[in-house]
Amino acid sequence: HRASTMAMSSALRMASGCGLRAMPSTRVRFATTSSRTVNVRAAVVNAEPVVVKREDVITSSPANNVTDHIFEKIGYNLHKRADHPLGIIKAAIAEYFDDKFGAGVFSQFDDQYPIVTAFANFDSVLVPPDHVSRSPNDTYYVDSDTVLRCHTSAHQLEMLKGGATKFLVTGDVYRRDSIDATHFPVFHQMEGVRIFDAEEWESTGVDPIVLAQGELKDTLEGLARHLFGEVEMRWVDAYFPFTEPSMELEIFFKGEWLEVLGCGVMEMKILEEAGLGDKRAWAFGLGLERLAMVLFDVPDIRLFWSDDKRFTKQFKEGMFRAGGAGMTKFKSYSKYPPCLKDVSFWLPKEGNSFTENNLCEVVRNVAGTLVEEVKLIDEFENPKKGLTSNCFRIVYRSMERSLTDEEINALQDQVRADMVSKLGVELR
């Protein structure tokens, strides 16, 4: 399960989403209570803002697995903040495409509605019906037919049907995942798509797949140089359900090979479904957090969600420099001490209520961004009891202040209680 999930996660990292058409941005307002509403822009023809209420995402459906911790992240729009690291990287990529193809040739979309149908999220990009990524262990379900998008490519088919031919799409995406310094259940992707007409390959006498793949590689190698400077690159064959051939671009940066993005020539089935069977296309996708952590030396993904001025004041619109040459990097402020809590328990004999992702959701919903890591440190079988024991270490650490024993003990007590009531484990 872990291997197949990782393979699909790699595929979904490449998928970065689309929308119907460009719409004016709206100022997002949000409160801090669980009953707050969020204004976001819908990926529909009308340009009226849509209010996302708590009951829109946390429903009475038996399939619903969205928590308040996740709901409260909807509408933050970190990628739309000009002075935020993610906004800075997004702008640098958009600048490159304007320079290479001409200003405005690639339309930019960053306001797509994050609640989508399961069909749009999976079937429209050819994810197999039995794939593990459809599991509620991996995806946030609003109900059995509706999800928080796992990738912004969930809007791709609709956008292609709407007539978009060259576009960049940026948005927040949601996935149930582990807890550590590089993973967060909400992160941000950017995707690019470019459609070719038959006259483009007929006029050159080049096979359309060869033409699309050649331009794609040239474009993305140029993007890598724009972001990282003059670096060694290599292409690695990959598998994504929505492109063939599929590739990943890696660069040698700071002494190691780094996967930058995934890409490929779009599967004809997607184009045919969009009424574009006589066209060809390429697509790519990348994660903004991954790039920002490397380029700005940000050590923990949770920092991107911080409003601490010691973090936010270090980033300004226009500060980006290729490869970081001459660019100010993040300077860590005081790193507060961690608080480690271990919890040992017997796994349930029956059912699938316990998974590591489910445990992480329980911990996140109690502790939010105060949890730094959840890690399995021991596991053994008891043949006499016919039970399996796990011991997980939960690391609590605030990015902004020292935590007290009293508040951590209260959090840990609630985590332990929720593990019993929600996951069916027997504490040891």
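Preceding block: the structure.
Residues numbered from 1 in each chain as written. Predicted model: local features only at pLDDT ≥ 70, side-chain atom pairs only at ≥ 80, totals over all residues. Heavy atoms only, no water.

1. A closer look at the overall build of the protein chain
When its secondary structure is counted, the protein chain shows 13 helices and 16 strands. Per-residue burial over the protein chain gives 53% buried out of 428 residues. Long-range contacts, defined here as pairs at least 24 residues apart, represent 69% of the contacts in the protein chain between residues at least 6 apart. Summed over its atoms, the accessible surface of the protein chain is roughly 18700 Å², and 48% of this surface lies on carbon and sulfur atoms. (Helix = DSSP H or I, 4+ residues; strand = E, 2+ residues; numbered from the N terminus. Buried < 20%, exposed > 50% of the residue type's maximum accessible area, 1.4 Å probe, protein only. Contact = heavy atoms within 4.5 Å. Areas by Shrake-Rupley, 256 points an atom, 1.4 Å probe, with all protein chains shown as cover.)

2. Some remarks on the sheet that holds strand S8 (residues 186–196)
In space, the seven strands of this open sheet follow the order S3-S7-S8-S12-S11-S10-S9, with mixed pairing throughout. Edge positions in the sheet fall to strand S3 (107–109) and strand S9 (232–240), since each of these pairs with one other strand and no more. Strand after strand, the sheet turns through a mean of 25° between neighbouring axes, direction not considered. Strands S8, S9, strand S10 (243–253), strand S11 (256–266) and strand S12 (280–287) of the sheet are contacted by helix H8 (residues 208–228), whose axis makes an angle of about 25° with S10. (Pairing = 2+ DSSP bridges. Axes fitted to C-alpha atoms, helices over the stretch in contact; angles between N-to-C directions.)

3. Here we look at the pattern of salt bridges
A complete count under the given rule lists 21 salt bridges for this structure. Here Glu-407 makes a salt bridge to Arg-401, at a shortest N to O gap of 2.9 Å. A residue is classified by how much of its surface remains accessible, and Glu-407, at 23% relative accessible area, is partly exposed. Judged by its relative accessible area of 38%, Arg-401 is partly exposed. (Salt bridge = Lys/Arg side-chain N within 4 Å of Asp/Glu carboxyl O.)

4. Digging into the pairing of strand S7 (residues 166–174)
The buried fraction of S7 is high, at eight of nine residues. Here three bridges tie S3 to S7, and the two strands are oriented parallel to one another. Note that in S7 the partner of Phe-109 across the bridge is Val-169. As judged from the nine bridges shared by S7 and S8, these two strands associate in the antiparallel manner. In the sheet register, Gly-171 faces S8, and the bridge partner there is Gln-189.

5. Some details on H8
When the terminal C-alpha atoms of H8 are compared, their 30 Å separation across 21 residues agrees well with the 30 Å that a helix rising 1.5 Å per residue should span. Taken together, the buried positions of H8 are occupied by Pro-208, Ala-212, Leu-216, Thr-219, Leu-220, Gly-222, Leu-223, Ala-224, His-226, Leu-227 and Phe-228. Where H8 begins, the capping side chain belongs to Asp-207, and its oxygen is found 3.0 Å from the backbone nitrogen of Ile-209. Note on H8: the residue one or two positions beyond its end, Gly-229, has a positive phi of about 85°. (Expected span 1.5 Å × (residues − 1). Polar contact = N/O pair within 3.5 Å; in protein donor to acceptor, adjacent residues only side chain to side chain.)

6. A look at the nonpolar core
Formed by 68 residues in total, the largest nonpolar core has its most connected members in Ile-93, Phe-228 and Phe-304. Among the nonpolar cores identified, the runner-up in size contains 28 residues, and Ala-118, Val-193, Ile-195 and Met-266 belong to it. (Core = buried A, V, L, I, M, F, W, Y, C linked by side-chain atoms within 4.5 Å.)

7. Examining the pairing of S11
Regular strands place their side chains on alternate faces of the sheet. Of all eleven residues that make up S11, nine are buried, and the element is covered over most of its length. Bridging between S10 and S11 involves nine bridges; their strand directions are antiparallel. Across the sheet, residue Phe-252 finds its bridge partner in S11, namely Trp-257. Relative to S12, S11 runs antiparallel, the two sharing four bridges.

8. Some points on the sheet that holds strand S14 (residues 371–382)
If you walk across this open sheet you meet the four strands as S14-S15-S13-S16, and the pairing is antiparallel. Strands at the two margins of the open sheet, each flanked by one partner only, are S14 and strand S16 (426–427). Contacts from helix H12 (residues 356–367) reach S14 and strand S15 (387–396) within the one sheet, and its direction differs from that of S14 by about 140°.

9. Quick word on the side chain of Asn-121
With respect to the helices and strands, Asn-121 occurs in helix H5 (residues 118–121). What makes Asn-121 buried here is its relative accessible area of 0%. Residues contacting Asn-121, with those up to four places away along its chain left out, are Val-116, Val-147, Arg-149, Cys-150, His-151 and Ala-154.

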